[in-house]
Amino acid sequence: MITGRVNPAKRLEDQGITGLGNVYYNLLEPALIESALKRGEGTLGKGGAFYCTTGAHTGRSPKDKFVVRTPDVEDTIWWENNKPMDPANFDTLYADMLEHMKGKDYYVQDLFGGADAEHRLDVRVVTELAWHGLFIRTMLRRPERAELDTFAPEFTIINCPSFKANPERHGCRSETVIALNFDKKLILIANTAYAGENKKSVFTLLNYILPGKGVMAMHCSANHAIGNPDDTAVFFGLSGTGKTTLSADPSRILIGDDEHGWSEKGTFNFEGGCYAKTINLSKEAEPEIYATCSMFGTVVENMVFDEETLELDFFDNSITDNMRCAYPLHYISNASESALGGHPKNVIMLTCDAYGVLPPIARLTPAQAMYHFLSGFTSKTPGTEVGVVEPTPTFSTCFGAPFMPRRPEVYGKLLQEKIHEFGASCWLVNTGWTGGAFGTGKRMPIKATRALLTAALDGSLNAVEFRKDPNFGFEVPVSVPGVDATLLNPRDTWADKGAFDAQASKLVKMFSDNFAQYVPYIDEDVKAAAIG
């Protein structure tokens, strides 16, 4: 039985997906929640939020992600970063998954990836779980109902958590698999109920497609000044660096919290929702994000709650540190209706330095910005990936290596060209540790980070005195109104200065060793900006 609204010429049967049970097309939020509750997939929480858990997988599984090695992408995929899958293995995986799906009910959402109609991707997401349909409907751009009558999917994602892959038969690593086939315009996800795999699969697609059109795909949040979309800022960073928190600034308009494009016209959000970490979230520090956790249709993922009162516990990480909520963008009062902005005036690169060495903010030249973009130094935070249990320093190029199908220099060159063309100011912001490394120091005070960012975005930071950092060569403010001057010089925050110097030297060497892989591909000005 078919339920819902769909282009009659583009049903699953027309794609060769047959023999299923009931197929529910493009259900709205109330119907998806009703279905999920009837199927025992979760609990109706306060305000109509949907509480659920994701089983064994509470984060992404990057080691189980593959790109099918077909002739059309052979010369453009960064194979050192993207594990290849043989086309024959993919075909077997697809056939076995379709056989497994027969007789079972599925949920279909037809959605847009991208707020800019010229550059958006029409995506169909087929999910075994009703709440996955709710999640992806929340996270991507939702067509008008009339647009569904002519919707023609360019790519299809099939997510089947109950299917277990066979490594020997399917050419994968484990029973869990995320397989992208650009030739067949198909993504298969199996044996994981972690909903973030759905949205990051779309992001990976756009990261491949858009650079070929001269559009920069960015793992960043973005906002703009009230009444002035031309005063746009983008915030690059991996999960846990503050992308969502810092872009949700009540004094600015939120464009989006995670994934954006930079085209010839300006900035645009890929998504229609936000996916925020909720561990230690408080009403006082983040009132708007906190409020979404008790709003209708918000997906609350892997959080402990009181079964009688349904009160959420934001401090209990017994399920995972990577507890999250997914909510539509319009639940934030200062969110942009269009999700569009101008060309960025400020490019901020967020890093979470678990070594406690980097300053809270530094001003970068365009060449230094390219260097730090390619380096992508940060710390993986607990829970965001399987096996990460404490902050782990890492270099994730372009601040998003797991989602980058092309070589990093492709993205770096695009960013460098756009910074040069539009004259953006560039900043490195450390939201990690101060006064010592993880275990000894403490997290950078968010109040200080917000004050420094405000000064950078309103231009007043450019008027203060700067010093050249002896380890990294970038410029660091000496004093900023409203910010403890000690914070601005990391060495001053350490009780043991010798230990700081040793830690700084260690980090400089790590930067130097990591960057050697990019030297053959970069221009001389970036080579000159290299550290170590």
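Remember, it's a predicted structure, so these values are computed and weren't measured experimentally.

(A) Examining the overall build of the protein chain more closely. Along the protein chain, the regular secondary structure elements total 14 helices and 31 strands. Computed over C-alpha atoms, the radius of gyration of the protein chain comes to 23 Å, within 12% of the 24 Å expected from 2.2 N^0.38 for 532 residues, which places it in the range of a compact globule. Across the 532 residues that make up the protein chain, the buried fraction comes to 60%. If you take every contact in the protein chain between residues at least 6 apart in sequence, the share linking residues at least 24 apart comes to 72%. Summed over its atoms, the accessible surface of the protein chain is roughly 19,700 Å², and 51% of this surface lies on carbon and sulfur atoms.

(B) Fine view of the pattern of salt bridges. Counting across every chain of the model gives 31 salt bridges. For lysine 46, the salt bridge is made with glutamate 311, and the minimal N-O distance between the two is 2.6 Å. Of this pair, lysine 46 sits in the loop between strand 3 (43-44) and strand 4 (50-52) while glutamate 311 sits in the loop between strand 19 (304-305) and strand 20 (312-313), and the two are 265 residues apart along the sequence. Look at lysine 46 and you get partly exposed, because its relative accessible area is 34%. Among the salt bridges present, the one from aspartate 523 reaches lysine 413, with a minimum N-O distance of 2.7 Å. Highlighted residues: aspartate 523 in the loop between helix 13 (497-515) and helix 14 (524-529) and lysine 413 in helix 9 (residues 408-422), separated in sequence by 110 residues. Taken together, the shared-partner salt bridges in this structure form one network comprising Lys199, Lys200, Lys243, Asp258, Glu259 and Glu271.

(C) Representation of the state of the cysteines in the model. This model, assessed by the stated rule, comprises 0 disulfides. Take cysteine 398: it sits in no disulfide, and the sulfur closest to it among the cysteines is that of cysteine 220, at 12 Å.

(D) Examining the pairing of strand 21 (residues 324-328) more closely. Counting buried positions over the 5 residues of strand 21 gives 5, a clear majority of the element. Taking every second residue as pointing to the same face, both faces of strand 21 are buried, with Arg324, Ala326 and Pro328 on one and Cys325 and Tyr327 on the other. In terms of strand pairing, strand 17 (residues 273-277) meets strand 21 through 5 bridges, oriented antiparallel. Note that in strand 21 the partner of glycine 273 across the bridge is proline 328. Sheet analysis places strand 18 (residues 299-301) next to strand 21, joined by 3 bridges and oriented antiparallel. What sits directly across from valine 299, in strand 21, is alanine 326.

(E) Molecular detail of the UniProt feature "binding site: Mn(2+)" (unreviewed entry) in the protein chain. Following the UniProt record, one finds the feature "binding site: Mn(2+)" (unreviewed entry) at Lys200, His219 and Asp258. The greatest C-alpha distance among the residues just named is 10.3 Å, despite their covering 59 residues of sequence, which places them together in space. Here lysine 200 lies in helix 5 (residues 196-209). Beyond its immediate chain neighbours, meaning those up to four positions away, lysine 200 contacts Arg60, Lys65, His219, Asp258, Glu259 and Phe403. Residue placement: histidine 219 occurs in strand 12 (residues 216-225). Overall, the relative accessible area of 3% leaves histidine 219 in the buried class.

(F) Just the sheet that holds strand 11 (residues 186-190), in detail. An order of 1-2-7-8-9-11-10-5-6 is seen for the 9 strands of this open sheet, with the pairing classed as mixed. Each having just a single partner strand, strand 1 (2-4) and strand 6 (83-85) make up the two edges of the open sheet. Neighbour-to-neighbour, the strand axes of the sheet open up by a mean angle of 20°, direction not taken into account. Note that strand 5 (residues 65-68) and strand 6 share 3 bridges and pair parallel. Paired with valine 67 across the two strands is proline 84, which belongs to strand 6. Along the sheet face, helix 2 (residues 87-101) touches strand 5, strand 6, strand 7 (106-113), strand 9 (155-160), strand 10 (177-181) and strand 11 and points at about 65° away from the line of strand 11. Along the sheet face, helix 5 touches strand 5, strand 7, strand 8 (121-127), strand 9, strand 10 and strand 11 and points at about 155° away from the line of strand 9.

(G) Examining helix 9 more closely. The terminal C-alpha atoms of helix 9, which comprises 15 residues, lie 21 Å apart, in line with the 21 Å expected from a rise of 1.5 Å per residue. Every buried residue belonging to helix 9 is among Pro408, Glu409, Tyr411, Gly412, Leu414, Leu415, Gln416, Lys418 and Ile419, and all of these are buried. Phi turns positive, to about 65°, at glycine 423, one or two residues after helix 9.

(H) Fine view of the side chain of threonine 204. Position of threonine 204 among the secondary structure elements: in helix 5. Looking at threonine 204, its side chain comes within polar contact range of the main-chain oxygen of lysine 200, at 2.8 Å. Apart from residues no more than four positions distant in its own chain, threonine 204 is found in contact with Lys65, Leu180, Phe403 and Pro405.

(I) Broad picture of the UniProt feature "binding site: substrate" (unreviewed entry) in the protein chain. If you check UniProt for "binding site: substrate" (unreviewed entry), the listed places come out as Arg60, Tyr194, Lys200 and Arg324 in our numbering. Among the residues examined, tyrosine 194 registers a relative accessible area of 3% and is labelled buried. Excluding its chain neighbours within four sequence positions, the residues that come into contact with tyrosine 194 are Thr54, His57, Thr58, Gly59, Arg60, His132, Tyr275, Glu301, Asn322 and Arg324. Overall, the relative accessible area of 9% leaves lysine 200 in the buried class.

(J) Looking closely at the nonpolar core. Ranked by size, the top nonpolar core spans 48 residues in total, and within it Trp131, Phe135 and Phe182 carry the most contacts. It is helix 3 (residues 130-139) that provides the largest number of residues to this core, a total of 6 residues. Leaving out residues up to four positions away in the same chain, phenylalanine 182 has contacts with Val67, Asp72, Val73, Ile77, Phe155, Leu205 and Tyr208. Grouped together as the second largest cluster of nonpolar side chains are 45 residues, Met218, Val357, Ala362 and Leu414 included.

(K) Broad picture of the environment of arginine 173. Its location among the elements puts arginine 173 in the loop between helix 4 (167-170) and strand 10. As for arginine 173 and lysine 63, which are separated by 110 residues in sequence, their C-alpha atoms are 7.7 Å apart. Here arginine 173 is in contact with Lys63, Asp64, Phe66 and Pro167, once residues within four sequence places are set aside.

(L) Just the sheet that holds strand 17, in detail. With mixed pairing, the 5 strands of this open sheet are ordered in space as 3-4-18-21-17. On the outer flanks of this sheet lie strand 3 and strand 17, each paired with one strand and no other.

Rules and cut-offs
Once a new chain begins, its residue numbering starts again from 1 and follows that chain's sequence as written. Given that this is a predicted model, residues contribute local features only at a pLDDT of at least 70 and side-chain atom pairs are listed and counted only at 80 or more, while totals for whole chains, interfaces and linings are drawn from all residues. The basis for the side-chain values is all heavy atoms of the structure; hydrogens and waters are excluded. To qualify as a helix, a DSSP run of H or I must reach at least 4 residues; to qualify as a strand, a run of E must reach at least 2; elements of each kind are numbered from the N terminus. What the globule rule says is 2.2 Å times the number of residues to the power 0.38, and the radius of gyration is computed from C-alpha atoms. Residue burial is assigned from relative accessible area. The probe radius is 1.4 Å, only protein chains are included, and a residue is buried under 20% of its type maximum, exposed over 50%, and partly exposed in between. Any two residues having at least one pair of non-hydrogen atoms within 4.5 Å are treated as being in contact. Each accessible area value is a Shrake-Rupley result obtained with a 1.4 Å probe; residue values ignore everything except the protein chains displayed when judging cover. One side-chain nitrogen of Lys or Arg within 4 Å of one carboxyl oxygen of Asp or Glu is enough to make a salt bridge. By definition, disulfides here are pairs of cysteine sulfur atoms that lie within 2.5 Å. Criterion used throughout: strands pair if DSSP finds at least two bridges between them. UniProt positions are given in the numbering used here, feature names are shortened, and annotations may be inferred rather than shown by experiment. Between the N-to-C directions of two axes lies an angle of 0 to 180 degrees, each axis being a line fitted to C-alpha atoms and, for a helix, fitted only over the stretch in contact. Expected helix span is computed as 1.5 Å times (number of residues minus one). Polar contact criterion, stated in full: a pair of N or O atoms within 3.5 Å, where within protein one must be able to donate a hydrogen and the other to accept it, and residues adjacent in sequence count only if both atoms are side-chain atoms. Here, nonpolar core means buried Ala, Val, Leu, Ile, Met, Phe, Trp, Tyr and Cys residues that are tied together by side-chain atoms lying within 4.5 Å of each other.

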